[in-house]
Each structure stands twice: as C-alpha cells, then as structure tokens.
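# Per-entry structural report
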Amino acid sequence: MSGNSKYISSALLLLISSVIVKIIGAVYKIPLTAFIGAVGRGYFASAYNIYMPVHAVIMGAFPVALSKLTSKYNAVGDTAGVAAVKKGASRLFFKVGFIGMAGVLLMAKPYCTYIAASPKSLYTVLVIAPSILFSAMAASYRGFYEGYMNMRPTAVSQTLEALFKMVFGLVFARVTMAYLTEQFAVSSAVLGTAVSNEKEALSLIYPVSSAAAMLGVTFGSLISLIYVCIYDGINRQSLPRAGRNLAKEKQRELFHFSLPIMISTAVQSVFQFVDTATVQLALSKAGEPTLKTAFSDCIRLSGVQSGDLVTYVYGLFSTALDFKNLIPGITMALGICAVPAVSAAFELKNREHLSNLINEIYQYTVLLSVFGGIFLALCSGEVLRFFYQSSSPDIPLGCEKVVHYFALTVPFYCLAGSAVFCVQAIGKAEKCITPYIVCGMIRAFGNIILVRRGDFLLFGAVISGAAGYAVMAVWNMIILNKYTKMKFNIRNVISKPLAISLILYFFLEKLYDFISFSQNLLINLLIKGAICGVVFCILCLLFKALNFRDVFCNFLSKKNPRNTCN
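We now turn to the structure provided with this report.

Rules used throughout
Residues numbered from 1 in each chain as written. Predicted model: local features only at pLDDT ≥ 70, side-chain atom pairs only at ≥ 80, totals over all residues. Heavy atoms only, no water. Helix = DSSP H or I, 4+ residues; strand = E, 2+ residues; numbered from the N terminus. Rg over C-alpha atoms; globule rule 2.2 N^0.38 Å. Contact = heavy atoms within 4.5 Å. Areas by Shrake-Rupley, 256 points an atom, 1.4 Å probe, with all protein chains shown as cover. Lys, Arg positive; Asp, Glu negative; His and termini not counted. Charge placed at Lys NZ, Arg CZ, Asp CG, Glu CD. Phe/Tyr/Trp six-rings, centres within 6.5 Å; stacked < 30°, edge-to-face > 60°. Buried < 20%, exposed > 50% of the residue type's maximum accessible area, 1.4 Å probe, protein only. Lys NZ or Arg CZ within 6 Å of the ring centre and 35° of its normal. Axes fitted to C-alpha atoms, helices over the stretch in contact; angles between N-to-C directions. Parallel < 35°, antiparallel > 145°, perpendicular 65-115°, else oblique. Left-handed = near helix turned anticlockwise from the far one by under 90°. Nonpolar A, V, L, I, M, F, W, Y, C, P; charged D, E, K, R; others polar. Core = buried A, V, L, I, M, F, W, Y, C linked by side-chain atoms within 4.5 Å.

### What about the overall build of the protein?
For the protein, the count of helices and strands is 19 helices and two strands. A compact globule built from 566 residues should have a C-alpha radius of gyration of about 24 Å, and the protein, at 24 Å, falls within 12% of that. Based on the C-alpha atoms only, the size of the protein along its principal axes is roughly 70 × 60 × 45 Å. The contacts in the protein between residues at least 6 apart in sequence include a share of 83% that link residues at least 24 apart. Total accessible area on the protein stands at roughly 24200 Å², and carbon and sulfur atoms take up 65% of it. Put simply, the protein has 48 plus and 25 minus side-chain charges, and the middle of one group is 10 Å from the middle of the other.

This is the structure:
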C-alpha cells in the first residue's frame, strides 16, 4: 500500500469519526442551550476558557510528539526504541495530566472572580478539571497508535467520549434544572436562597445546571480512557521489553521533543484565551445602551436581565463559534494523520513523496473547508432555526449573520491548522511560535478596536480572526517550504479551490433563491445539502481537483490483499 494511500485512508476514518463527533456535539449543545439558555452557555463558555488552554497544551503537544517519535523509530525498524517510547509516554502523560488538573483547580477561583468577572462559573470549572487527567492518560495510547497510522483507537475513543458526554451532560442538566425549578416553585428559594421571582431563580439555577452539564464532559473522558486501555490490552504490539533506563531516556526525549510544541501550543492557547477575553472586555466597554440597541429583539425574546447582558451577548458569540468550529474540527483529522505520514517521508528523505503528500494535505484541507463553509454560510439561518427556533428563538436572530460570515472564513482556520501539524511533523515546532504570537496579537488588538464599536460588535471578532489565521497559514507554509524544499502546487491548492468556491457560492445562492423547498427545516437542509454536495463533486471532477483512486485502491487492498490497483 502506498504512503499516500495509507494517509488518505487513515484520514478518511478520522474524518468520518470527526463528523460523527461534531454531530453529537451539536445534538448535545442544542438541547443543553434549551435547558440553560444563553446565560447558562455564557457560564459554560467561561469555564472552557480556563480549561481549554491547559487541555490544548497537553493534547496539542504530547500526543503529536509521541506519534512523531513512534513513526520515526518504526520507520527505521528500531522496535526497542518504539517500546521504550511507549513505556516512557505512559508515565509522562500521567504526570502532565495531574499537573494540568491541579493547575486548573488552583486557578479556578481567581480566574472566575477577577478575570471572567463571573464568580458563578466556579462550579463548572471545578467539575471539568479531572477530565484533563483522564484525557492525558488516554492520549498516551492514542498517540502511540497514531504513530503506526492506526487511527481506530482515536476515532472510536473520541466518538465514545462525545456520546457519553452528551448522554451524561443532558441527563445531569435536565435533572438538576427540574429539581431546582421545582424547589423554587414549592419554597420560593433555590438552594436555601430566597428569591422573589422567576428571573432571580434562574440566575441562581443556571450556574448550577451548567456545572451539572459539565460533569458529562468528565464522565465522557473517563469512558474514553477505559476504552483505549481495553483496546491496548487486546491489540498490544509485539515489542521487546523496554528497560528502565532506556524508557527514562525516551521519556526525556519525548519531553524535549514536546517542549517546543508545548510552547507553541501554550502561546496559541494563551492568545486563544486573550482572544475570547478581549471579546468579553470589548463587549463590556461597548456599554449597555449599545448592546441593548444592537440586540433589542433578542433581549425582548429572552427577557435577560441587565446585569447578565454582557454574558448573554457573549453566550450568543459562543453559540456562533460552535458552528464555525465544526469545520476546522473535522479537517483537523487531516493534520493529525499528517504527522506520522510526513514524519516518515521526511526521515527517509523522500523529497518527491513528501512534496506530493504535503500538497495533497493542503488541497484536501482547502476543498473540505470550502464545501463545509459555503454550505454553512448559505444555510446559516435554517441551521440555527432547526436547532433553536422552538426552544430559544432569540439565538437564531442574534447569530445568523455572525455564523454566515464566520463560515466564509473557515478555510483560513483549516489551512493554518494543517500547516502547523506539518511543521511539527518535521521537528520544527519551535518555528510555529512566532506566527502564533503575531496571529494572537492581530486577533486581540482587532477585537479591542472593532468589537467595542457599535457598527461592528461581534462582526469585529470575525474580521480579526480571519486576518490572524490567514497570516498564520501563509507563515507556516513558508516555514515548511524552507525546510522541506517542497514544490508548492499553487494550481491545485489555491487556484482550483478558489474557482470552485466562487462558482459554488454564487450558483447555489441563486439556485436556493429560485427553487421552492419544503417548509420542514430538516428536509429543507437535507435537500440543500444534497444539492451542494452534488454540485461540489461535479465542479471537483470538472476541475480535476479530487482523486479518489488511492482511497478506492486501499479499500480493495483490505478486501483482497492481492489487489494492487495498478
């Protein structure tokens, strides 16, 4: 089986699981938002703001390094090195997971009180902290098998994690909400605190219900850890026993290799935190009169109190990000699979294969992001109404245009992600630090300048985000070209996808306006999605932008090992 074929097949498996995870996530967040409202989502998002930087540093650095080193030693046939890396990784990942959990617990109260200005978010932060330890331990198994281009443990474990997060999260949120609401109805009090009306009661109920929902995240990560432990016990590789000293040596190598990735990821996470914090800060600086004018219809429908107004608008922004992040979250599978594939080609000094592989990664990333982004942009209103119209009609009203413009910018986010993974795969993670810093500064200053203005508000975050990630994508692509001497195929990566995107957008925009669709939102979206998919595939075939031969041949080779598809 060719290296490109194995990469595409592995990426396809991870893409499918990523789509499933995103669907589960959407199904989870929609009823969750219906339970806890936009204010509750604000508490939920505030907790994620402190959790995600720590989680991202651990999950963005160590699994990538483990996958890289496993692939490196496997490529040259060093099975003793592979065994030592695996043993050292299990100990290292436990240590960093425990430190990460402890750090979040220690930072929880100061962050919620002084930075987020949302003391009620504390419960949610405390509940989610243990999932950092569980996720880190599970990643020691995921990263090892990813080094062999075996994406099954990652695909299944992340699907199980999302599924159980949804089940437990919704059950806990629903039970907690029902119990506290009944308590208020019976005693006019919530958890012993007397309240005079329903708005005051909900102000106390939402943070507790958000924490109960967040408990599902921790349960999901625990289930994921249990699965990968069982998988490794059944499918354990036949490797020589790793000596204690060699394992310690590889543990140090893993840590040192992870260090530049960890620093670059930490910089990204810090600026991600700064990005969201500056949005919150700028919204507060915009002032209540400006927010009330811009979101008057949403406020009227939601009945939000003045004291919760900034949290409410930030909750709308967080909901819009959920949909924007769907597509980069899916295309991230291409980057994860790129690490062992690019690493092996780079170690073997196969420049031609490396050049073709990287161009394919870029090309498929851009094409997938174009398809998903254009569909989401043209159907943003229907998607939001399908999920929220009956439970929270204020959300589609406040988010539709923001989601539309976010969707048009997702190729920048997706391409930047894949380029960063490729740079990390060749062992130059430290070179990603400066682009991260510049990207973060563009986003932070853009938010401060634009979001506080009444004529921009949330649209200012769309502009600053797109500008920052465009710079980061180009910068990392230049870094990769410098160290690999690859030939960048501008025709396949830029010209063809750009032509396809322009034709697809304007053709579908006219077609959707011309054709009368079903009044049922689900049927409407399915029809529009099918039309978008068909037109996209036709354009890709006309422009010769996609080649499914490797995937088809790989499928045949699994069914019939004698089939070489020559």
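### Structural notes on the packing of aromatic side chains
Counted under the stated rule, the structure contains 20 aromatic pairs. Where Phe144 meets Tyr145, the ring centres are 5.2 Å apart and the plane angle is 80°; that geometry is what we call edge-to-face. Between Tyr145 and Tyr231 the ring centres are 5.3 Å apart and the planes differ by 85°, which places this aromatic pair in the edge-to-face class. Taken together, the positions of Tyr145 in helix α4 (residues 130-146) and Tyr231 in helix α6 (residues 198-235) put the pair 86 residues apart, joining distant regions of the chain. Judged by relative accessible area, which is 11%, Tyr231 ranks as buried. Through a chain of ring-to-ring contacts, three or more aromatic side chains come together here, namely Phe144, Tyr145, Tyr148, Tyr227 and Tyr231. Positioned above the aromatic ring of Tyr413, the side-chain terminus of Lys324 is 4.0 Å from the ring centre.

### Quick notes on the packing of helix α10 (residues 309-324) against helix α14 (residues 394-425)
The N-to-C vectors of α10 and α14 enclose an angle of 45°; their axes lie 8 Å apart at closest approach. Here α10 lies oblique to α14, going by the angle between them. Along this stretch, α10 crosses α14, giving a crossing that reads as right-handed. Of the residues in α14, those in contact with Tyr312, Leu316, Phe317, Thr319, Ala320, Leu321, Phe323 and Lys324 of α10 are Asp394, Ile395, Gly398, Cys399, Val402, Val403, Phe406, Val410 and Tyr413. Its residues placed into classes, the contact of α10 with α14 shows 13 nonpolar, two polar and two charged.

### Thoughts on the nonpolar core
A general feature of soluble globular proteins is that nonpolar side chains tend to end up buried together. Counting 175 residues, the largest nonpolar core has Phe295, Val342, Tyr362 and Leu508 as the members making the most contacts within it. For this core, the leading source of residues is helix α1 (residues 3-75), giving 26 residues. Setting aside residues no more than four positions away along its own chain, Phe295 makes contact with Val313, Leu316, Gly398, Leu457 and Leu458.

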